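# A look at the structure
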Amino acid sequence: MTDLRLVISRPAPGEWLGRLDVVEALEAAGWTGDDDMPLSILRHPSGAVWGVHNECDDSGLDCPNGAVIEFPGDTPTVVIVAACLAAADPGETRGTSKHRA
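What this report covers is the structure whose coordinates are included nearby. (Residues numbered from 1 in each chain as written. Predicted model: local features only at pLDDT ≥ 70, side-chain atom pairs only at ≥ 80, totals over all residues. Heavy atoms only, no water.)

## Regarding the overall build of the chain
If you tally the helices and strands in the chain, you get three helices and five strands. Mapped from its N terminus to its C terminus, the chain presents α and β elements in the order α-β-β-β-β-β-α-α. Across the 101 residues that make up the chain, the buried fraction comes to 30%. With the model as given, the accessible surface of the chain reaches about 6600 Å², and the carbon-plus-sulfur share is 54%. (Helix = DSSP H or I, 4+ residues; strand = E, 2+ residues; numbered from the N terminus. Buried < 20%, exposed > 50% of the residue type's maximum accessible area, 1.4 Å probe, protein only. Areas by Shrake-Rupley, 256 points an atom, 1.4 Å probe, with all protein chains shown as cover.)

Next up, the structure:
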């Protein structure tokens, strides 16, 4: 498994990028944009789905196990990305993934 390196640039005052920072990080980790809303909804092959809900940057994560996690707009990018990566591969977070030696 390759390391995911995340570099987040702050938008200029008044510039709204939505959660483009999260979108770019998840795409780098193998998530793909939804056909209809590629910058707002991303899907992982595991069944995990993350999406932006509104212009306040509120977002949510539907986990493969049925859990739903809501993130207020001020949630740090790294927290959202970490939750999404954990939801997509829960075995990896427990040290039981087939990727580990």
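## Looking at the nonpolar core
Within soluble globular proteins, side chains that are nonpolar generally end up buried alongside one another. Grouped together as the largest cluster of nonpolar side chains are 17 residues, with contacts concentrated most on Leu26, Trp31, Trp50, Leu61 and Cys84. Among the elements of the structure, helix H1 (20-28), strand S3 (49-52) and helix H2 (77-88) are those that each provide at least two residues to this core. A total of five residues in this core trace back to one element, the largest contributor, which is H2. With residues up to four places along the chain from it excluded, the contact list for Trp31 reads Leu26, Leu42, Arg43, His44, Ala48, Val49, Trp50, Leu61, Cys84, Leu85 and Ala88. (Core = buried A, V, L, I, M, F, W, Y, C linked by side-chain atoms within 4.5 Å. Contact = heavy atoms within 4.5 Å.)

## Quick word on the sheet that holds strand S5 (residues 68-71)
Hydrogen bonds along the backbone pair up the strands of a sheet, which may run parallel or antiparallel. Taken together, the five strands give an open sheet; going across it, the order is S1-S2-S3-S4-S5, and neighbouring strands pair in antiparallel fashion. Looking at the sheet topology across the chains shown, the edges are occupied by strand S1 (32-33) and S5. Sheet topology places S1 next to strand S2 (residues 41-43); two bridges connect them, and they run antiparallel. When the sheet's bridge partners are listed, Gly33 is paired in S2 with Leu42. H2 contacts S3, strand S4 (59-62) and S5 of the sheet and is inclined by roughly 15 degrees relative to S4. (Pairing = 2+ DSSP bridges. Axes fitted to C-alpha atoms, helices over the stretch in contact; angles between N-to-C directions.)

## Brief notes about the side chain of Arg19
By secondary structure assignment, the location of Arg19 is in the segment before H1. For Arg19, a relative accessible area of 5% gives the class buried. From its side chain, Arg19 meets the backbone oxygen of Gly73 in a polar contact 3.3 Å long. Once residues lying within four places of it in the same chain are set aside, the contact partners of Arg19 are Trp50, Val52, Asp57, Gly73, Thr75, Pro76, Thr77 and Ile80. (Polar contact = N/O pair within 3.5 Å; in protein donor to acceptor, adjacent residues only side chain to side chain.)

## What about the pattern of salt bridges?
Pairs can form between side chains of opposite charge whenever their charged atoms are close. A full pass over the atoms with the stated rule returns two salt bridges. For Asp21, the salt bridge goes to Arg19, with nearest N and O atoms at 3.5 Å. Residue classification places Asp21 among the partly exposed positions, given a relative accessible area of 22%. We note a salt bridge from Arg43 to Asp34, for which the minimum N-O separation is 2.9 Å. (Salt bridge = Lys/Arg side-chain N within 4 Å of Asp/Glu carboxyl O.)

## Here we look at the packing of H1 against H2
Closest axis-to-axis distance for the H1/H2 pair is 10 Å, and the angle between their directions is 35 degrees. Every pair of crossing elements has a handedness; the one defined by H1 and H2 is right-handed. Contacts between H1 and H2 involve Asp21, Val22, Ala25 and Leu26 on the former and, on the latter, Thr77, Ile80, Val81, Cys84 and Leu85. Looking at side-chain class alone, the contact of H1 with H2 contains seven nonpolar, one polar and one charged residues. (Left-handed = near helix turned anticlockwise from the far one by under 90°. Nonpolar A, V, L, I, M, F, W, Y, C, P; charged D, E, K, R; others polar.)

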